[in-house]
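The primary structure of each chain is shown beneath.
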Amino acid sequence: MEARFSTWALVMLLFAAGAKRGFAGSLASYWGQNGNEGSLADVCASGNYDILMLAFLNVFGNGQTPSLNLAGHCDPSSGGCQGLVSDVQSCQSNGKRVILSLGGSPDSGTYGLSSSQDAQNVAQYLWDNFLGGSSSSSPLGAVQLDGIDLDIETGGSQYYPDLITTLRSLAQNYGKTLYITAAPQCPFPDANLGPGDSTALSAGVDLVFVQFYNNPCGYQGTSDQLVAAWNQWTSSLSSSQVFLGLPASPNAAGSGYVDPTTLINDILPQINTASNYGGVMLWNVFQDEQNNYSAQIKASV
């Protein structure tokens, strides 16, 4: 059936597209993998973050029943996470975006997409349970999150464009602004996310949180290789806003930690002139709280 849009609808779609470009100077982080990092509502109320990813939906695809893992916070399988709906609403009422992250460490989940239909089925599950607020059996309650993040580190790269296309179609049908984000490793292109034929980043992603840690292209006492990799990512993804992903403390990753002073005085001035600069992503909220990292850099991001 041919889609027909009124002038007003077209204006609203263009406004939403423009709004998605308005994240320059934002701080993002991942919440959910340590029960000692505080509640989601308290983390949002701290004012340190603009975007929070709930980590992780680490079982999905290949006909599996999707499974959410919020280690140490609550047990989704018993319905123990449904109280998070009020936390999410509190965050959103304060202007924070709350996004569900799919994937994560290959050691802690089993995921991947086996076909276009499999991708469409997963997309429908995500819409019903996390985005559209229409499922009474959602692991988080009748929640309407702001988007989906792809932290894909195993399971292959195929069919994620089908997932993205289906999610965007559902959002358009319901008039919802939906954010699709991704967290590739800094070696370009990322083995699982691209960019490249039939990969997620080839389908168009709003925000890209490039992980500049645990890789040679991360900070190694000099910023040269990091800046070179950054320039490659930003020039190749001109339609996305790109974030510098960093460990929030020396203990958060095996390599790539940048002390706040070096970040502010050396690295940020070299990267924040990119027209699609988004900001900084920190792994993760718990490590950030141990090091007070976001509070030290927020004014400079």
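The text that follows walks through the structure, step by step, so that each part is easy to find. Treat the numbers as computed from the prediction; the structure is a model and nothing was measured. (Residues numbered from 1 in each chain as written. Predicted model: local features only at pLDDT ≥ 70, side-chain atom pairs only at ≥ 80, totals over all residues. Heavy atoms only, no water.)

Quick notes on the packing of helix H4 (residues 116–131) against helix H5 (residues 160–174)
One way to put it is that H4 packs onto H5 with a least axis distance of 8 Å and a crossing angle of 40°. The pairing of H4 with H5 is recorded here as oblique in orientation. Along this stretch, H4 crosses H5, giving a crossing that reads as right-handed. Each of Ser-116, Ala-119, Gln-120, Val-122, Ala-123, Gln-124, Leu-126, Trp-127 and Leu-131 in H4 lies in contact with H5, whose residues at this interface are Asp-162, Leu-163, Thr-166, Leu-167, Leu-170, Ala-171 and Tyr-174. A breakdown of the residues in the contact of H4 with H5 according to their chemical character gives 11 nonpolar, 4 polar and 1 charged. (Axes fitted to C-alpha atoms, helices over the stretch in contact; angles between N-to-C directions. Helix = DSSP H or I, 4+ residues; strand = E, 2+ residues; numbered from the N terminus. Parallel < 35°, antiparallel > 145°, perpendicular 65-115°, else oblique. Left-handed = near helix turned anticlockwise from the far one by under 90°. Contact = heavy atoms within 4.5 Å. Nonpolar A, V, L, I, M, F, W, Y, C, P; charged D, E, K, R; others polar.)

A short note on the pattern of salt bridges
Pairs may arise between side chains of opposite charge once their charged atoms sit close together. Scanning the model with the defined rule gives 2 salt bridges in all. Across the pair Asp-50 and Lys-298 runs a salt bridge, and its minimum N-O distance is 3.5 Å. One end of the pair, Asp-50, is in the loop between helix H2 (40–45) and strand S2 (51–60); the other, Lys-298, is in the segment after helix H9 (293–297), with 248 residues separating them in the sequence. By relative accessible area, Lys-298 is classed as partly exposed at 29%. Between Arg-168 and Asp-206 there is a salt bridge whose closest N-O contact spans 3.4 Å. Placement of Arg-168 in helix H5 and of Asp-206 in the loop between strand S7 (179–182) and strand S8 (207–211) is noted, with a sequence separation of 38 residues between them. By relative accessible area, which is 13% here, Asp-206 ends up buried. (Salt bridge = Lys/Arg side-chain N within 4 Å of Asp/Glu carboxyl O. Buried < 20%, exposed > 50% of the residue type's maximum accessible area, 1.4 Å probe, protein only.)

Focus: the packing of aromatic side chains
Summed over all chains, the structure comprises 12 aromatic pairs. Measuring from ring centre to ring centre gives 6.1 Å for Tyr-30 and Phe-56, while their planes differ by 35°; the resulting arrangement is tilted. Of the two residues, Tyr-30 is situated in strand S1 (residues 26–31) and Phe-56 in strand S2; the sequence distance between them amounts to 26 residues. Overall, the relative accessible area of 2% leaves Tyr-30 in the buried class. Within the aromatic cluster, the residues linked to one another by ring pairs are Tyr-30, Phe-56 and Trp-283. (Phe/Tyr/Trp six-rings, centres within 6.5 Å; stacked < 30°, edge-to-face > 60°.)

Concerning the pairing of strand S10 (residues 277–283)
In terms of residue burial, S10 counts as a mostly covered element, since 7 of its 7 residues are buried. Direction of pairing for S1 relative to S10: parallel, over a ladder of 4 bridges. When the sheet's bridge partners are listed, Ala-28 is paired in S10 with Met-281. Across 6 bridges, the pairing between strand S9 (residues 241–247) and S10 is parallel. When the sheet's bridge partners are listed, Phe-243 is paired in S10 with Gly-279. (Pairing = 2+ DSSP bridges.)

What to know about the nonpolar core
Counting 77 residues, the largest nonpolar core has Leu-150 and Leu-163 as the members making the most contacts within it. Looking at this core, the element that brings in the most residues is H4, giving 7 residues. Those residues within four positions of Leu-150 in sequence are excluded, and the remaining contacts are Leu-102, Tyr-160, Leu-163, Ile-164, Thr-181, Ala-182, Ala-183, Leu-193 and Ala-200. Counting residues in each nonpolar core, the second largest holds 18 residues, with Ala-28, Ile-51, Phe-243 and Trp-283 among its members. (Core = buried A, V, L, I, M, F, W, Y, C linked by side-chain atoms within 4.5 Å.)

Observations regarding the state of the cysteines
Throughout the structure, instances matching the rule amount to 3 disulfides. Between the sulfur atoms of Cys-186 and its disulfide partner Cys-217 the distance amounts to 1.9 Å. A torsion of 90° about the S-S bond marks the disulfide between Cys-186 and Cys-217 as right-handed. Of this pair, Cys-186 sits in the loop between S7 and S8 while Cys-217 sits in the loop between S8 and helix H6 (224–236), and the two are 31 residues apart along the sequence. (Disulfide = S-S within 2.5 Å.)

Read these as layout, nothing more, since geometry by itself doesn't imply function.
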